[in-house]
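# Architecture and fold: a report
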Amino acid sequence: MAIADSIVVLTGAGISAESGIATFRGPGGLWEGHRVEDVCTPEALARDPLLVHRFYDARRAALAGVEPNAAHRALARLDAEWPGELLIVTQNVDDLHERAGARRLLHMHGELLSALCASCGARRAWRDDLPPGTACVDCGAPALRPDIVFFGEMPYDMDRIDAALARADIFVSIGTSGAVYPAAGFVQTARWHGAQTLEINLEPSGGSHLFDESRMGAAGKLVPAWVDDMLASISP
Ligand code: NAD
Ligand code: ZN
């Protein structure tokens, strides 16, 4: 058996597209009919908290009507069976990776099923609607907001992600436009540390030229094929 490589997988909205969750930069650069600047910035939250909270309430409620697809399930199988290091870093705020069974998973841009206290910083699992002014369970301040990392805010777990990228032998980016930093720079970091890099996307992304290899097509087809190859490479 070959020595099992260390793998970092980055996923974006494209991996959830076949489950029926709209991507970010669909037609016209809108997300479910909203301009990104109107629902994804601290300024938008301060200006119109009701609009922003309702937007994420609708996204949270919509989770009940979607299921993980073959790409989420394949990554969960890789997670269960890969004997080496593995970290799945998702930019997605849906819960489809964990519902498929992935465990070695980080949500760098937050989660719909979590509430963040703007006063004390506590994060709590949250399934219901979250009206502005909801009291924090931990400190009592009426300051709970969607636990979503807005533009201009620091993504979660960057230390752990950077450490994993530095050790990675293989870096795979799936269904992301490569337009949102710092995630868009992970491929360069991984390469700089010597990783082989692969992009799986429906069409070439802005950063395609940064990868050693690009495979173009639907994640639901290409990710299971890649996972099969990876697991076959370590079978005795
Ligand atoms: P993006 O919308 O900017 O890009 C999506 C990419 O996926 C595109 O390059 C597109 O070509 C590709 N794609 C579409 N369908 C695909 C398929 N079936 N198979 C493979 N690739 C496919 O998304 P992003 O790069 O993740 O950046 C968007 C930001 O928006 C993220 O930070 C995320 O937090 C947020 N967001 C999350 C969700 C979610 O949680 N599901 C949905 C929309 C936006
Ligand atoms: Zn609090």
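See the structure above.
What this report covers is the structure whose coordinates are included nearby. (Residues numbered from 1 in each chain as written. Chains lettered and ligands numbered in written order. Predicted model: local features only at pLDDT ≥ 70, side-chain atom pairs only at ≥ 80, totals over all residues. Heavy atoms only, no water.)

## A closer look at the nonpolar core
To keep things clear, this is the line we draw: For the purposes of this section, nonpolar cores are sets of buried Ala, Val, Leu, Ile, Met, Phe, Trp, Tyr and Cys residues that join through side-chain atoms within 4.5 Å. Three labels apply to residues, based on accessible area from a 1.4 Å probe with only protein chains included: buried if under 20% of the type maximum, exposed if over 50%, partly exposed otherwise in between. Secondary structure elements are defined from DSSP: runs of H or I of at least 4 residues count as helices, runs of E of at least 2 residues count as strands, and each element is numbered from the N terminus. Whether two residues are in contact is decided by their heavy atoms: any pair within 4.5 Å suffices.
Counting 25 residues, the largest nonpolar core has Ile-7, Leu-75, Leu-78, Ile-174, Val-223 and Trp-226 as the members making the most contacts within it. When residues of this core are traced back to their parent elements, those giving at least two are strand 1 (7-11), helix 5 (70-81), strand 4 (86-90), strand 9 (170-174), strand 10 (196-201) and helix 9 (219-234). Ranked by residue count, the leading element in this core is helix 9, at eight residues. Ignoring sequence-local partners within four residues, the contact set of Trp-226 consists of Ile-7, Val-9, Leu-75, Leu-78, Ile-170, Val-172, Leu-198, Ile-200 and Arg-215.

## Points about the coordination of the zinc ion (ligand 2)
We apply this condition: Donor atoms (N, O, S) are those found within 2.8 Å of the metal centre, with the cutoff raised to 3.2 Å for Na, K and Ca; water is not part of the atom list, so apparent gaps in a site can occur.
Protein coordination at the zinc ion (ligand 2) comes from Cys-117 (SG), Cys-120 (SG), Cys-136 (SG) and Cys-139 (SG), with a distance range of 2.3 Å. Spacing between the donor residues of the zinc ion (ligand 2) along their common chain follows C-x2-C-x15-C-x2-C. Under the relative-accessibility criterion, Cys-136 is labelled buried at 5%.

## A short note on the sheet that holds strand 8 (residues 144-148)
The line we're drawing: By this definition, two strands are paired if DSSP reports at least two bridges between them. Convention adopted: a line fitted to C-alpha atoms gives each axis, helices being fitted over their contacting stretch, and angles between N-to-C directions are expressed from 0 to 180 degrees.
Strand order in the open sheet made by the three strands is 7-6-8, with antiparallel pairing throughout. Whereas interior strands pair on both sides, the edge strands pair on one side only; in this sheet they are strand 7 (123-125) and strand 8. Taken pair by pair, the neighbouring strands of this sheet meet at an average axis angle of 45°, ignoring direction. Sheet analysis places strand 6 (residues 110-117) next to strand 8, joined by five bridges and oriented antiparallel.

## Section: helix 5
In an α-helix, one turn spans 3.6 residues; hence positions three or four apart end up facing the same way. Cut-off, in case you're wondering: In a helix, the anticipated span is given by 1.5 Å times the number of residues less one. What qualifies as a polar contact is a pair of N or O atoms within 3.5 Å, subject to a donor-acceptor requirement within protein and to the restriction that residues adjacent in sequence count only when both atoms come from side chains.
Taking 1.5 Å as the rise per residue, helix 5 with twelve residues should run 16 Å; its terminal C-alpha atoms sit 16 Å apart, in good agreement. For helix 5, the complete set of buried residues consists of Ala-71, His-72, Ala-74, Leu-75, Ala-76, Leu-78 and Asp-79. In this structure, the buried residues of helix 5 make contact with strand 1, helix 1 (14-17), strand 4, helix 6 (96-100), strand 9 and helix 9. At the N-terminal end of helix 5, a side-chain oxygen is found 2.7 Å from the backbone nitrogen of Ala-71, two or three residues along, and the residue is Asn-69.

In short, shape yes, function no, at least from these values alone.
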